[in-house]
Amino acid sequence: GLLDSRHIGRIRVHPQNPDVVYVAAMGHLFGPNDQRGLYRTSDGGESWTQILFVDDEPNVLDGLRRQLRKRFTVDTAVGGEEGLKKVHQDGPFAVVVSDMKMPGMNGAQFLSRVRESDPDSVRMILSGQSELDSAISAINNGNVFRFLTKPCETDDLVSGLETALEQHRLVVAEKELLEKTLFG
C-alpha cells in the first residue's frame, strides 16, 4: 500500500463497489513527496495501481496527466531511458503506455525492455505514428495489449486504460492462483 504517505487528504469509497477506493495522499509535509497524488485501488487497498506514460514530448505528458488525474494514478517519463528508470525505481506499474517514435529508443524497444523487467505490466502504444510495420514490431516484440493513435478521444483512452487495468488484474490473479496451487 501507501506505506510512506504519512498524510492522507481524502478517502473516497466507490458507491457501487466498496473494493474500489480513491485516496488523495499528501505525502510527507516537510520532506520529499514521492507518494503525493491520487491513488486508486480495486482490491480494498491491497495494491495501488499505477499507470506510466512515456513520451518524448513533455507537453503531451502534462496534458495526459491533467486529463486523467481524477480517474487514475498517473506517472510520466520523458523518453525511454527515463521510463526504464521509473519502472525500476517506482514500479511496478499495472499499465505502461508509450509513444512509438522517440529519439534513442523507440516505443517497441522500450516496451520490450519493460516486458523483460516487469512481465506482469500491461503494455500499450499511444502514438501519432500509425505505420503498419512499426505497429507490427511493437505488438510482436513488446507484447503490446493495445495500439491507440493520437489524437485519441478521452473516452477511448479511458476505456483502453480501464480494459488494460482489468487485464492486469486478471494476470495477477491468475499468477496468484497458480502459485497457491503449486505451493499450497
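See the structure shown above.
From a predicted model like this one, the values you see are computed outputs, not experimental measurements. (Residues numbered from 1 in each chain as written. Predicted model: local features only at pLDDT ≥ 70, side-chain atom pairs only at ≥ 80, totals over all residues. Heavy atoms only, no water.)

Trainee: Before we go on, may I ask you to explain the overall build of the protein chain in this structure?
Mentor: When you go through the protein chain residue by residue, the secondary structure sums to five helices and eight strands. A burial count over the protein chain gives 39% of its 184 residues as buried. Summed over its atoms, the accessible surface of the protein chain is roughly 10,800 Å², and 48% of this surface lies on carbon and sulfur atoms. (Helix = DSSP H or I, 4+ residues; strand = E, 2+ residues; numbered from the N terminus. Buried < 20%, exposed > 50% of the residue type's maximum accessible area, 1.4 Å probe, protein only. Areas by Shrake-Rupley, 256 points an atom, 1.4 Å probe, with all protein chains shown as cover.)

Trainee: Explain helix 1 (residues 58-68) to me, please; I cannot follow it from the model alone.
Mentor: Helical periodicity: at 3.6 residues per turn, an α-helix aligns residues three or four positions apart in one direction. The complete set of buried residues in helix 1 reads L61, L64 and L68. Across the axial projection of helix 1, the buried residues extend over an arc of 60°, all falling on one side. For helix 1, the exposed residues set more than 90 degrees away from the buried face come down to N59 and R66. For helix 1, the secondary structure elements touched by its buried residues are strand 4 (51-55), strand 5 (74-78), strand 7 (122-127) and helix 5 (154-183). (Arc of directions from axis to C-beta. Contact = heavy atoms within 4.5 Å.)

Trainee: How should the nonpolar core be read in this particular structure?
Mentor: Here is a general trend for soluble globular proteins: nonpolar side chains tend to be buried in one another's company. Counting residues in each nonpolar core, the largest one holds 19 residues, and the members touching the most others are I51, F53, L68, F72, V95, V97 and L161. The dominant element in this core, judged by the number of residues it contributes, is helix 5, at five residues. Those residues in contact with V95, other than ones at most four positions away along the chain, are Q50, I51, L52, V122, M124, L161, A164 and L165. Listed in part, the 17 residues of the second largest apolar core include A77, L84, F110 and L111. (Core = buried A, V, L, I, M, F, W, Y, C linked by side-chain atoms within 4.5 Å.)

Trainee: Teacher, can you tell me more about the sheet that holds strand 6 (residues 95-98) here?
Mentor: Strand pairing in a sheet relies on backbone hydrogen bonds, with the paired strands running either antiparallel or parallel. Read across the open sheet, the five strands follow the order 5-4-6-7-8; overall the sheet is parallel. Taken across any chain shown, the strands that pair with only one partner, and hence form the sheet edges, are strand 5 and strand 8 (146-149). In this sheet, adjacent strand axes meet at a mean angle of 20° when their direction is disregarded. Its contacts with the sheet place helix 2 (residues 80-90) against strand 4 and strand 5, and it is angled at close to 140° to strand 5. Helix 5 contacts strand 4, strand 6, strand 7 and strand 8 of the sheet and is inclined by roughly 165° relative to strand 7. (Pairing = 2+ DSSP bridges. Axes fitted to C-alpha atoms, helices over the stretch in contact; angles between N-to-C directions.)

Trainee: I would appreciate a short explanation of a nonpolar patch on the surface in the present structure.
Mentor: Where nonpolar side chains cluster on the molecular surface, the patch consists of L178, L182 and F183 and spans about 380 Å² of accessible area. In this fold, L178 is placed in helix 5. (Patch = residues over 30% accessible without salt bridge, like charges linked within 9 Å, V, L, I, M, F, W, Y side chains within 5 Å. Salt bridge = Lys/Arg side-chain N within 4 Å of Asp/Glu carboxyl O.)

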